[in-house]
Amino acid sequence: MKNLVFILGDQLNQQISSLSKCDKSKDLIFMCEVLAETKYVKHHKKKIALIFSAMRHFAQELSQKGFNVIYVNLDDPDNTGSFKNELLRASKQYSIGKITVTKPGEYRVLKEIQSLSKQLEIDILEDDRFYSSYDEFQQWAGESQNLRMENFYRFMRKKHNILMHGDKPVGGKWNYDKENRKVPNKSVKIPQTLDCETDGITDSVLDLVEKTFPEHFGDLNPFTFAVTHKQALRILNHFIKHRLPYFGDYQDAMIQDQPFMYHSLISFYLNIGLLLPKEVIHKAQKALVDDVAPINAVEGFIRQILGWREFVRGIYWLRMPEYADMNFFKAKRKLPEFFWSSDTKLNCLHQCISQTKKYAYAHHIQRLMVLGNFALLTGLIPKHVNEWYLIVYADAFEWVELPNVSGMILFADGGYLASKPYSAGGSYINKMSNYCDSCHYNVKEKTGPDACPFNYLYWNFLDQHRDKLANNQRLSMMYATLNKFPENKLADIRNSSHKFLKQL
Ligand code: FAD
Ligand code: DLZ
Ligand code: SF4
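Residues numbered from 1 in each chain as written. Chains lettered and ligands numbered in written order. Predicted model: local features only at pLDDT ≥ 70, side-chain atom pairs only at ≥ 80, totals over all residues. Heavy atoms only, no water.

(A) Quick look at the pattern of salt bridges. Taken as a whole and judged by the stated rule, the model has 20 salt bridges. The salt bridge involving E322 is made with R319; its shortest N-O contact spans 2.9 Å. In this structure R319 comes out as buried when scored by relative accessible area, which is 17%. A salt bridge links D395 to R367; the shortest N-O distance between them is 2.9 Å. Of this pair, D395 sits in the loop between helix 17 (382-392) and helix 18 (398-409) while R367 sits in helix 16 (residues 364-377), and the two are 28 residues apart along the sequence. Side by side, D395 and R367 carry an identical accessibility label, which is buried. Linked by salt bridges that have partners in common, E37, E106 and R108 make up one network. (Salt bridge = Lys/Arg side-chain N within 4 Å of Asp/Glu carboxyl O. Buried < 20%, exposed > 50% of the residue type's maximum accessible area, 1.4 Å probe, protein only. Helix = DSSP H or I, 4+ residues; strand = E, 2+ residues; numbered from the N terminus.)

Following this line, the structure appears as structure tokens:
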């Protein structure tokens, strides 16, 4: 009997473990577009188009290499609409003895595939696109109740000999974060992004998405994503040459109408397999050796991929499924409507949401210190916030989205991933961006109807969660300040917050 190699929409790489075991002469490759995956949350239109177009291009490349590929289109009349049913249908139709698959990136999908093992023989292989395996992370984490990325990152640097001189970090420091907080001025020139043109395959996917998902969030056009390995490599090379040199300096900066700053825009491709972390890190290291980019840029960039990306994935697999239900602050406010419409007088939020709608992208500091900060300070329900992030970003897959949202921005895990909540008042946003210059609210005012809501919401949040946060060492200075506020100031903060939150 034949073996069926099942390739998921985020496993589009010829080095994936399931393919490396494939016998071209006998085995069948199976890929399917299914309604269930497009609907379990109503993904941004651009995200669906990216995944379908990249899947179709990958299937074509495999066929051209002599693999026997079965590809089920979304609008195939026989398509049953879910992975499970499509695998059962294919197994019958092609007399399949065994299904081989690289471990899915999401817990939900893993469970669905494992549930087939009653009817079919299933071989689930490790996803070796990552530096760290489940077992290694588990061993590293041990019994610790609060894991820290920096420790894990150093462990990875040493183990994989990345940016190392013997056992010392290149440049003498492990982390150049403090040199990555330059405030932008108007004269900074941000290089153009490299956009990809659509071809026949992408055009027919765009028609399909427009027709099938008209009510989904986001703009479908213009569609400029890379959809092949070759195109994604061009985007990576372009970044290394033109943006990486400044990536470190302006990593945390935000400028209105400059959605991309010096970021790489490669998360989409890393997450669906068009790029491999190892090839990205190799190129970044080479940029340092060749003097294309300085150490603070290269270290900062590598830390995101070797550190944060691997770390959040480790936490996801270690703590699922209970991680998805965590709600440390017992937050119970529903997501405000303007997260979809972008119709809000808070200019920073308006800018970040409008951009998200247009590009299915926002850079890290926008996701963290504008959108995430707001979600934390206003006590939005973690499930709702997670669903929003999973829908709106084209790079969002639960393994990376959930720990960033529940762990990093909402502190819903009570400090397992982060040592303190990433919260800030308006002065931080004002320092790192020019959003406040054209905002309805006044960032200098602390309370009252014209004051920047982040200013009072920040103190209100600390005030409300004294029981859970006052003993946190990293917040001791903030609580010392709060405790010195005169009673009338605290009353104004509570009052302004109450009014703002009531009308949300
Ligand atoms: P760059 O700034 O150029 O960084 C380079 C690469 O580092 C990224 O492509 C990404 O692969 C990796 N990286 C950076 N930060 C992180 C991080 N915190 N966790 C994991 N990888 C990281 N990233 C996703 O890939 N998918 C998500 O669904 C996602 N959701 C997020 C939600 C929140 C609330 C926050 C705060 C961050 C989230 N991130 C997510 C991380 C980060 O914001 C994006 O990876 C980044 O903005 C992608 O843009 P870029 O490729 O230009 O990144
Ligand atoms: C996100 C997504 C979408 C929208 N559609 C498909 C699909 O039709 N077929 C497919 O193989 N994968 C799709 N994906 C990705 C999966 O939902 C899932 O996130 C990953 O496979 C991770 O387990
Ligand atoms: Fe955002 Fe406040 Fe600045 Fe307005 S004033 S842009 S709400 S930080």
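(B) Broad picture of the site of ligand 2. Close to ligand 2 lie 19 residues, the nearest being G9, D10, C32, V34 and E37. Within the side chain of D10, an N or O atom sits 3.2 Å from an oxygen atom of ligand 2. Residue E106 places a side-chain N or O atom 3.2 Å away from an oxygen atom belonging to ligand 2. Burial of ligand 2 by the surrounding chains reaches 100%, relative to a free accessible area of 480 Å². Those elements that place two or more of their residues in the shell around ligand 2 are helix 2 (35-39), helix 3 (45-64) and helix 5 (107-114). With 3 residues, helix 3 is the largest single contributor of residues to the shell around ligand 2. (Near = heavy atom within 4 Å. Polar contact = N/O pair within 3.5 Å; in protein donor to acceptor, adjacent residues only side chain to side chain. Areas by Shrake-Rupley, 256 points an atom, 1.4 Å probe, with all protein chains shown as cover.)

(C) Region of the structure containing the sheet that holds strand 3 (residues 68-72). Here we have 5 strands laid out as an open sheet, ordered 3-2-1-4-5, and parallel in their pairing. Pairing within the sheet leaves two strands with one partner each, and these edge strands are strand 3 and strand 5 (121-125). When strand polarity is set aside, the average angle formed by the axes of neighbouring strands in this sheet is 25°. Here strand 4 (residues 96-102) pairs with strand 5 via 5 bridges, running parallel. Residue pairing across strands places V101 opposite I124, the latter belonging to strand 5. Packed onto the sheet, helix 4 (residues 83-93) meets strand 1 (2-6), strand 2 (28-32), strand 3 and strand 4 and runs at close to 145° relative to strand 2. (Pairing = 2+ DSSP bridges. Axes fitted to C-alpha atoms, helices over the stretch in contact; angles between N-to-C directions. Contact = heavy atoms within 4.5 Å.)

(D) Region of the structure containing the site of ligand 3. All residues in the neighbourhood of ligand 3 are listed as L346, C348, G426, I429, Y435, C436, C439, Y441, V443, C452 and F454. Looking at the shell around ligand 3 residue by residue, the class counts come to 10 nonpolar, 1 polar and no charged. (Nonpolar A, V, L, I, M, F, W, Y, C, P; charged D, E, K, R; others polar.)

(E) Broad picture of the packing of aromatic side chains. Taken as a whole and judged by the stated rule, the model has 41 aromatic pairs. Relative to F311, the ring of W140 has its centre 6.3 Å away and its plane inclined at 80°; by these criteria the two rings are edge-to-face. Placement of the pair is W140 in helix 6 (residues 134-141) and F311 in helix 13 (residues 295-319), with a sequence separation of 171 residues. Residue class for F311 comes out buried when judged on its relative accessible area of 0%. On the numbers, 6.0 Å between centres and 35° between planes, the contact of F152 with F311 is tilted. Linking F152 in helix 7 (residues 149-160) with F311 in helix 13, this pair joins segments that are 159 residues apart in sequence. As far as the burial class goes, F152 and F311 line up, both buried. Through successive ring pairs, a cluster of aromatic residues spans F338, F339, F374, W388, Y389, Y393, F454, Y456 and F500. (Phe/Tyr/Trp six-rings, centres within 6.5 Å; stacked < 30°, edge-to-face > 60°.)

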